[in-house]
Amino acid sequence: MRHRLQFTIQKLIRMALLLLGVSVTAFLLMNTSPLDPLQTNLGQAALGSMSPDQIARLEEYWGVNTPAAERYLHWLGDALRGDFGLSLLYRRPVLEVIGQRLSNSLWLMASAWVLSGALGLALGVLAGTRRGRWPDRLVRGYCLVISSTPSFWLALLLLMVFSVWLKVLPVGLAVPIGADAAGVTLLQRLRHAILPALTLSVTGVANIALHTREKTADVMERDYILFARARGESAMVRRHVLRNVALPALTLQFASISEIVGGSVLVEQVFSYPGLGQAAVAAGLGSDMPLLLGITVVTAAMVFGGNLAADLLYGVIDPRIRRGAARA
Amino acid sequence: MNRTCFRFFSFLLALVLLAGCQSAPADEGPGEKKNRVTVVMPPTSEPETGFDPAFGWGAGEHVHEPLIQSTLTVTNPDLTIGYDLATGMEVSADGLTWTVTIRDDVKFTDGEPLTAADVAFTYNTVKHASSVSDFTMLEYAEAADGTTVLFHMTRPFSIWPYTMAITGIVPEHAYDSATYGSSPIGSGRYVLKQWDRGQQIILERNPDYYGEKPQIEVVNLLFMEEDAAFLAVQAGQADLAYTSAVYSDQSVNGFSLLSVQTVDNRGVNLPVTMSSPTTELPVRQAINMGIDRQGMIDHVLNGHGTPAYSVCDGLPWYNPVNEVEYDPEGAKALLDEWGWPVGPDGIRVRGTSEMTLSLTIYYIVGDSVRQGLAAELANQLRELGIGADIKGVGWDTAYDDARFNPLVWGWGAHTPMELYNIYHTDPETGTARYSPYSCEATDELLDAALACPDLEESYSLWQKAQEEIAGDVPWVWLVNVDHLYWVRDGLEVAEQKIHPHGHGWSIVNNIDQWSWT
């Protein structure tokens, strides 16, 4: 018990440091980016019909003339008190914007995460246990093609097939065109999430499947498999392979959160899906520092939380680790 | 794979198929009902801060009519000024007081009447918020009585009616700057019914609108990337969608390509500084007459554009004196005469000094149209014997680069203020804002136009200033980029105003006049 507590506290401290580092990096990158906030948000033509006085006021609003260190420390001070500030672009509290976007993104990401994990594991084990034979070659071929395919291109391809040719799925958005928000059913929302989730999972599968395949192939070479074979055991995959592949698979599964989050940025753009990714693009391109920092911190926390969950789950799944921890 | 796994996957597959095979509900097949229309705009057109004029709704890069609110004036299809709420307006002789009378029969959609107090409140609020709208010329607004508003100005501003044309009037009794943007109350042609942020806006016809009743009852506005917009058209889920020249040679069943004339121009500045060969007037004149604008339109814009000769082609303050004949031989002769004979490698060299006549054309990285124009311009200049390279830069350095080199710019606003800012000398720096140029006669005429108490008269002053400018050629204007849209057959989009810079809301300015045939 004491060990668990110690472990958790250690992790939390690490998380705080990580978030601090991530926010500093994001801030510095944004600060050195060549984007001029007035130029990107108002546009050259809008500035062209403005008086110098007005431009000076707007520079003030976008913080063009405030020193970088001052701006960051100001943000950090407020953020530590739980105030993430107002989005410069949307003029609403950052947490409100993130909350609303996250609720759209979350189950898109969650379904893609579960789907890619399950499919990836299944395909990886399938290929690993039949190494060199046709299922292996098929899976490997698929994975290599998919991992070298840009996700936005795949998204366009899926749209072309399912929305334009077959006309069975909508071309984008999270709700039907022109539908009353109150009347939107769960099934309709599901229909709109299918293609984005499919794109995300299809690309996520490749990575997980390839890694699982390696590990499975590794396990298959072990002496205990040979021994089990010699004894004529039947449920080899379930009894020996899956159990030994479980830990690395878990690590992969939780590590893939970062890829799902990253991938959602591009995919949401293509599908006009109003998720966190779309907001991140808007904030990044629009130099909306408070919103961008907020999104960075939230997504970093999500990724970190995923890794932490994996660490904690090791003990639950593997009795050896549990016993090892208890002894320490 | 064991049985549980198998069951899980079959369940999943079934779910996907079930959801997929379900036929599209009726509300996703726009165009079947003839009283609604679905329009696709770029994601950048979604107003981040909502429909609050104080935070730039209607103003800014893509000036447009606010639709949800009424405005005092409107711009007519030829961009002269007409009236919406206003019934008359007057300017004092010193140009510092505008008196506007308004209709007394207008109600907000919550049933309250719209009065001069609401107008004054709106203008003071917009000035105070001071976001995208430039209200620095307004000191304050006040309501003299129920139907008369007085605008007290800090400086004479003859083109104030163009500002009035995009400033939607908000109700003083129901305005809260935190919530108005997402739940606006106005008196315009349409009412905001729903806003799914990041996706779509649904507008409904205002049943109590005081003007002519719009035919289109429901307007769905979607925000999509260009390729997704094209897919939406192909899938038949939109009635009108923006597109670009890249897609213009495609064809879609049931849709046709609509090309709208614009003042969305592209041009290069020719710096009038010692370190640039464009200091010499004959060089600037030669470039202006020696470039083939139609060639640029054909090569870069797939034919979808018009030649540009000024920053304000076709607007009421435009002066045709800017137009030049395409005359490459004349341009070459002019350069020969001025002492730039063609050297051995085809580039002009000045006599003994071995100084070559060459330029580097800058463009903004990532803007394919500007890059294409820069390359085409460089090609055409080389034919005149002017050495030309191109170089891509970001906005962070572009403004500085343009002080010494030609840069491809894009302009086109529905206000002469742009003309003023591009050519008028900035008292602080001693040159115009975007490119080194300063001419006293031009400044005087531009100032006179801005201070003129009569709008009609100011047009002729803006035109006179262009006579000076046309003689100096501090900028060379290349093309006006047509705005392209896919339009479902049977949808009539009525007479469009000359579109300004930007590809968003302009198309729906007159949506109340659209109809299905």
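Residues numbered from 1 in each chain as written. Chains lettered and ligands numbered in written order. Predicted model: local features only at pLDDT ≥ 70, side-chain atom pairs only at ≥ 80, totals over all residues. Heavy atoms only, no water.

### A word on the overall build of chain A
So, point 1. A tally of regular secondary structure across chain A gives 14 helices and 0 strands.
So, point 2. A principal-axis box enclosing the C-alpha atoms of chain A has dimensions of 85 × 60 × 40 Å.
So, point 3. Taking all 328 residues of chain A together, the buried fraction comes to 48%.
So, point 4. Counting contacts in chain A only where the partners sit at least 6 residues apart, residues at least 24 apart contribute 73% of the total.
So, point 5. Split by element, the accessible area of chain A, about 15800 Å² in all, is 66% carbon and sulfur. (Helix = DSSP H or I, 4+ residues; strand = E, 2+ residues; numbered from the N terminus. Buried < 20%, exposed > 50% of the residue type's maximum accessible area, 1.4 Å probe, protein only. Contact = heavy atoms within 4.5 Å. Areas by Shrake-Rupley, 256 points an atom, 1.4 Å probe, with all protein chains shown as cover.)

### Quick word on the overall build of chain B
So, point 1. The secondary structure content of chain B amounts to 12 helices and 23 strands.
So, point 2. Over its C-alpha trace chain B gives a radius of gyration of 26 Å, about what one expects of a compact globule, namely 24 Å for 517 residues.
So, point 3. The dimensions of chain B, computed from C-alpha atoms along their principal axes, are 85 × 80 × 45 Å.
So, point 4. Split into buried and exposed, the 517 residues of chain B put 59% on the buried side. (Rg over C-alpha atoms; globule rule 2.2 N^0.38 Å.)

### Re the layout of surface pockets
So, point 1. Each pocket or cavity is described by its volume, and for the second largest pocket that value is around 1300 Å³.
So, point 2. Every residue lining the second largest pocket is counted, 46 residues in all, and those nearest its centre are Pro52(A), Ile55(A), Ala56(A), Glu59(A) and Arg433(B).
So, point 3. For the lining of the second largest pocket, the elements supplying multiple residues, two or more each, are helix H1 (2-32), helix H2 (37-42), helix H4 (52-61) and helix H5 (68-80) of chain A together with helix H9 (395-401), helix H10 (417-423) and helix H11 (440-451) of chain B.
So, point 4. Looking at the lining of the second largest pocket, the element that brings in the most residues is H4(A), giving 5 residues. (1 Å grid on protein atoms, 1.4 Å probe; cavity = no way out; pocket = protein on both sides within 12 Å on 5 of 7 lines; lining within 4 Å. Points joined across faces, edges and corners; volume = space filled by probe spheres on them.)

### Quick word on the pairing of strand E20 (residues 475-481) of chain B
Residues and elements named next belong to chain B.
So, point 1. Along E20, 7 of the 7 residues are buried, which leaves the element largely enclosed by surrounding structure.
So, point 2. Two strands pair when backbone bridges link them, and strand E13 (residues 265-269) and E20 are joined in this way by 5 bridges, in the antiparallel orientation. If you follow Asn265 over to E20, its bridge partner there is Asn480. (Pairing = 2+ DSSP bridges.)

### Let's talk about the pattern of salt bridges
Residue and element names in this part refer to chain A.
So, point 1. Applying the stated criterion across every chain yields a total of 21 salt bridges over all chains.
So, point 2. The partner of Asp78 in a salt bridge is Arg81, with the nearest N and O atoms 3.5 Å apart.
So, point 3. Given the relative accessible area of 67%, Arg81 is considered exposed. (Salt bridge = Lys/Arg side-chain N within 4 Å of Asp/Glu carboxyl O.)

### Overview of the nonpolar core
So, point 1. In this structure, Leu72(B), Val119(B), Tyr123(B), Phe151(B), Trp160(B), Tyr423(B) and Trp462(B) are the most contacted members of the largest nonpolar core, which totals 111 residues.
So, point 2. Looking at this core element by element, the count peaks at 8 residues for helix H13 (residues 289-317) of chain A.
So, point 3. Once residues within four sequence positions are removed from consideration, Tyr423(B) is found in contact with Ala432(B), Tyr437(B), Thr442(B), Asp443(B), Leu446(B), Ile469(B), Pro474(B), Trp475(B) and Trp477(B). (Core = buried A, V, L, I, M, F, W, Y, C linked by side-chain atoms within 4.5 Å.)

### Some details on the sheet that holds strand E4 (residues 86-91) of chain B
Within a sheet, adjacent strands bond to each other through the backbone by hydrogen bonds, running parallel or antiparallel.
Residue and element names in this part refer to chain B.
So, point 1. A sheet is described by the order of its strands in space; here 4 strands give the open sequence E4-E5-E7-E6, paired in antiparallel fashion. Since the sheet does not close on itself, it has two edges, and those belong to E4 and strand E6 (138-145), each with one partner. The average undirected angle you get between the axes of adjacent strands in this sheet is 20 degrees.
So, point 2. Strands in contact with helix H2 (residues 116-129) are strand E5 (97-102), E6 and strand E7 (148-153); relative to E6, the strand with the most contacts, it is inclined by about 170 degrees. (Axes fitted to C-alpha atoms, helices over the stretch in contact; angles between N-to-C directions.)

### As for the sheet that holds E13(B)
Residues and elements named next belong to chain B.
So, point 1. If you trace the 4 strands from one edge of the open sheet to the other, you get E14-E20-E13-E19, paired in antiparallel fashion. Strand pairing shows two members of the sheet lacking a second neighbour, strand E14 (305-307) and strand E19 (408-411), which therefore form its edges. Each neighbouring strand pair of the sheet contributes to a mean axis angle of 30 degrees, computed without reference to strand direction.

### Digging into the interface of chain A and chain B
So, point 1. Contact with chain A, which involves 59 residues of that partner, is made by 64 residues of chain B.
So, point 2. Taken over both partners, the interface formed by chain A and chain B buries close to 5300 Å², and the fraction arising from carbon and sulfur atoms is 58%.
So, point 3. The three residues of chain A that bury the most area against chain B are Gln44(A), Ile177(A) and Arg191(A), which together make up 14% of that side's buried surface.
So, point 4. Taken together, the connections running from chain A to chain B amount to 0 salt bridges.
So, point 5. Along the contact surface separating chain A from chain B lie 15 residue pairs in polar contact (both at pLDDT 80 or more).
So, point 6. Secondary structure elements with two or more residues in the side of chain A that touches chain B: H2, helix H3 (44-48), H4, helix H6 (94-129), helix H8 (151-165), helix H9 (186-220) and helix H11 (236-270) of chain A.
So, point 7. Among the residues forming the side of chain A that touches chain B, the class breakdown is 35 nonpolar, 15 polar and 9 charged. (Buried area = accessible area lost by both parts, 1.4 Å probe. Polar contact = N/O pair within 3.5 Å; in protein donor to acceptor, adjacent residues only side chain to side chain. Nonpolar A, V, L, I, M, F, W, Y, C, P; charged D, E, K, R; others polar.)

### Regarding helix H4 (residues 226-234) of chain B
So, point 1. Restricting attention to buried positions, one finds in H4(B) the residues Ala228(B), Ala229(B), Phe230(B), Leu231(B), Ala232(B) and Val233(B).
So, point 2. The elements touched by buried residues of H4(B) are H8 and H11 of chain A together with strand E1 (36-41), strand E11 (240-243), strand E12 (255-260) and strand E21 (483-488) of chain B.

### Concerning empty space enclosed by the protein
Vacant regions in the atomic arrangement are exposed by a probe of water-molecule size rolled over the atoms.
So, point 1. All told, the structure shown has 3 cavities of 30 Å³ or more when counted by the stated rule.
So, point 2. Approximately 430 Å³ is the volume attributed to the largest cavity.
So, point 3. Surrounding the largest cavity, 30 residues form its lining, Ser49(A), Val63(B), Thr163(B), Ile166(B) and Thr415(B) being those nearest its centre.
So, point 4. Of all the elements in the fold, those that place two or more residues in the lining of the largest cavity are H3 of chain A together with helix H3 (160-164) of chain B.

Limitation: the analysis is restricted to geometry and does not speak to function.
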